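# Structural description and commentary
The primary structure of each chain is shown beneath.
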Amino acid sequence: MTATGGGRVLLCGYYGEHNLGDDALLQVLLQQLGPNVRPLITAHDQAAVQAQAPGARCVDRRSLFQVLWAINRVDTVVFGGGSLLQDSTSFNSLVYYLALLVIARCRGRQVLLWGQGLGPLRRPLSRWLVHAFLPLCTAASWRDQASLELAQRWAPALPMSMAPDPVWQMPRQPWIGGESIVVSWRPTPLLNRARWISLVRALDQLASELEAPVVWLAFHHHQDADLLPWLDRDGITPSSLRRRSRVVVPESLEVVTTTVQTARLVLPMRLHALILARLAGCPMAALSYDPKVEAAAAMSGVPCTDLRAWFSTEGLLAQWRGSVDQPADEAELARLQVQASEHGQVFSRMGSVAR
């Protein structure tokens, strides 16, 4: 299988933004593309991405001019992982990726959606735009059933498949356990002050019962690192929890693994924090701010609380107590890893990328 132009591919995603989930997606994507592909990668912090992908060239993802220049230099554009066709981050973000899709197709490039989630699309205009332009794609692999079903309604002729998130293909690590509670929480409009108080109170009580330190894992540096200080400034964090707590801002995926390996319980809101901790066999109970988290939790047998619904401190505690020191099922993880490898077939079916 070969590609014209020697397998020149543009990888479009939220790379180089100090979000470790996107770093993990890029790592898996590069492995699936194989050594014969010479990728261009859209990135903000280009040095960080080039450290992860030596030999790759980067273009500034925040410069539309540079990305359009890059489209002219390749044969295939890959929207690589995450939920790029959504408007919850911003409507402008959705328009940006749809514009790249349309321009790439007008210039005769193939456009592959790899490991994508579709939505959320909160605005009627957003839904109309995606409905109109999704059929222009060449092929797609989706990471959850809801995304697949919506795409099948809107673009029934588009070759597509569904498999668990590509990050499930990362290597498994041994769980050691015996020490901390690790939380990977993020700011979200779903939680007002009263709901944060209920959530933090449950964490404080469980940490006191277990006499466990609490590690606040800032998975997305810019969004998560200030969460504990913000809760503290707002008078939400009890003094007992503050004394037990420390913030870890990991600079690599390896730091994430070493942080969660000794956890007696991991409480993730972040999707890829859930996946990476589960791959380390960690006991876990998830908090879902987005359907993608709930879907991943269901796939992997992780108890989950939907933050869009009512919850109580007592209900959270009951769920979390039942999850402490209960490691992941190894057979279930192996099954997820095999299923997630299906995303790589999108390239094989297209015959468009040298591998």
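Structure: above.
None of these values were measured; they are calculated from a predicted model. (Residues numbered from 1 in each chain as written. Predicted model: local features only at pLDDT ≥ 70, side-chain atom pairs only at ≥ 80, totals over all residues. Heavy atoms only, no water.)

## Describing the overall build of the chain
Heads up, the condition is: Elements are defined by DSSP. Helices are runs of H or I of four residues or more, strands are runs of E of two residues or more, and each kind is numbered from the N terminus. Exposure is judged per residue with a 1.4 Å probe applied to protein chains only, and the accessible area is read against the type maximum: over 50% gives exposed, under 20% gives buried, and values in between give partly exposed. The contact rule is simple, with two residues in contact once any of their heavy atoms fall within 4.5 Å. Here the open area of atoms and residues is found with the Shrake-Rupley method and a 1.4 Å probe, where only the protein chains shown may cover a residue. His is not counted, nor are the chain ends, whereas Lys and Arg count as positive and Asp and Glu as negative. The atom standing in for a charge is NZ when the residue is Lys, CZ when it is Arg, CG when it is Asp and CD when it is Glu.
Each helix and strand in the chain was counted, giving 16 helices and 13 strands. Principal axes of the C-alpha set define a box for the chain whose edges measure 60 × 40 × 35 Å. The proportion of buried residues among the 355 residues of the chain is 57%. Expressed as a percentage of contacts within the chain between residues at least 6 apart in sequence, the contacts between residues at least 24 apart total 73%. When the accessible area of the chain is evaluated, it comes to approximately 14200 Å², of which 52% is carbon and sulfur surface. Placing the 33 positive and 29 negative side-chain charges of the chain at their respective mean positions leaves the two points 6 Å apart.

## With respect to the side chain of D87
As for its placement among the helices and strands, D87 is situated in the loop between β4 (76-85) and α4 (91-106). The exposure class of D87 is buried, given its relative accessible area of 3%. Beyond its immediate chain neighbours, meaning those up to four positions away, D87 contacts L94, P120, L121, R122, R123 and S126.

## Quick word on the side chain of N19
Topologically, N19 is positioned in the loop between β1 (8-12) and α1 (20-33). Relative accessible area serves as the criterion here: at 12%, N19 is assigned to the buried category. Ignoring sequence-local partners within four residues, the contact set of N19 consists of Y14, F219 and H220.

## As for the environment of A280
The residue A280 is located in the loop between α12 (271-279) and β12 (286-288) in this model. Sequence separation of A280 and D23 is 257 residues, and the distance between their C-alpha atoms is 17 Å. The residues touching A280, leaving out its near neighbours within four places in the chain, are Q173, P174, W175, V260 and Q261.

## What to know about helix α6 (residues 145-154)
Note on helix geometry: an α-helix contains 3.6 residues per turn, so any two residues three or four positions apart are oriented the same way. Quick reminder of the rule: The arc refers to the directions leading from the helix axis to the C-beta atoms. What qualifies as a polar contact is a pair of N or O atoms within 3.5 Å, subject to a donor-acceptor requirement within protein and to the restriction that residues adjacent in sequence count only when both atoms come from side chains.
Residues of α6 that are buried include every one of S147, L148, L150, A151 and W154, and no others. Around the axis of α6, the buried residues are gathered within 170° of arc, so they sit on the same side. Turned more than 90 degrees away from the buried face of α6 sit A146 and R153, all of them exposed. Buried residues in α6 make contact with β5 (110-118), α5 (124-133), β6 (139-142) and β7 (160-162). In this structure D144 caps α6, since a side-chain oxygen of it lies 3.2 Å from the backbone nitrogen of A146.

## Focus on the sheet that holds strand β8 (residues 180-184)
Short version of the rule: In this analysis, strands are considered paired if DSSP registers two or more bridges between them. Whenever a helix is involved, its axis is fitted only over the stretch in contact; in every case the axis is a line through C-alpha atoms, and angles between N-to-C directions fall within 0 to 180 degrees.
With parallel pairing, the four strands of this open sheet are ordered in space as β10-β9-β8-β11. Each edge of the sheet is formed by a strand with only one pairing partner; in this case those strands are β10 (245-248) and β11 (263-268). Each neighbouring strand pair of the sheet contributes to a mean axis angle of 20°, computed without reference to strand direction. Relative to β10, strand β9 (residues 214-217) runs parallel, the two being bridged by four bridges. In the sheet register, V214 faces β10, and the bridge partner there is S245. Contacting β8, β9 and β11, helix α7 (residues 193-210) runs over the sheet at an angle of about 160° to β8.

## Some remarks on the packing of helix α3 (residues 64-72) against α4
For any two helices packed against each other, the geometry comes down to the angle between their axes and how far apart the axes lie. Spelled out, the test is: In what follows, roughly perpendicular refers to angles from 65 to 115 degrees, roughly parallel to angles under 35, roughly antiparallel to angles over 145, and oblique to any angle outside these ranges. By convention the crossing between two helices is left-handed if the near helix lies anticlockwise of the far one by an angle smaller than a right angle, and right-handed if it lies clockwise.
Relative orientation of the contacting elements α3 and α4 amounts to 30°, with a least axis distance of 10 Å. One way to sum up the angle between α3 and α4 is to call them roughly parallel. Seen along the crossing, α3 lies across α4 with a hand that is right-handed. Between α3 and α4, the contacting residues are L64, V67, L68 and I71 on the first element and Y96, L100, I103 and A104 on the second.

## Some details on the pairing of β11
Of all six residues in β11, six are buried, a share of seventy percent or more. Across five bridges, the pairing between β8 and β11 is parallel. Across the sheet, residue I181 finds its bridge partner in β11, namely L265.

## Details of the nonpolar core
So the rule is basically this: Among the buried residues, those of types Ala, Val, Leu, Ile, Met, Phe, Trp, Tyr and Cys that are joined through side-chain atoms within 4.5 Å form a nonpolar core.
Membership of the largest hydrophobic core comes to 86 residues, with the highest contact counts inside it found for W185, W196, L199, L203, W216 and W320. Those residues in contact with W185 that lie beyond four places of it in its chain are W196, L199, V200, L203, W216, D224, L227, L267, M269, L287 and W320.

## Observations concerning the sheet that holds β5
Spatially, β3-β2-β1-β4-β5-β6-β7 is the arrangement adopted by the seven strands of the open sheet, whose pairing is parallel. Edge positions in the sheet fall to β3 (57-60) and β7, since each has one partner strand and no second. In this sheet, neighbouring strand axes are inclined to one another by 20° on average, regardless of whether the strands run parallel or antiparallel. Two strands pair when backbone bridges link them, and β6 and β7 are joined in this way by three bridges, in the parallel orientation. Counterpart to S141 in the pairing with β7 is S161. Running at roughly 160° to β4, α4 makes contact with β1, β4 and β5 of the sheet.

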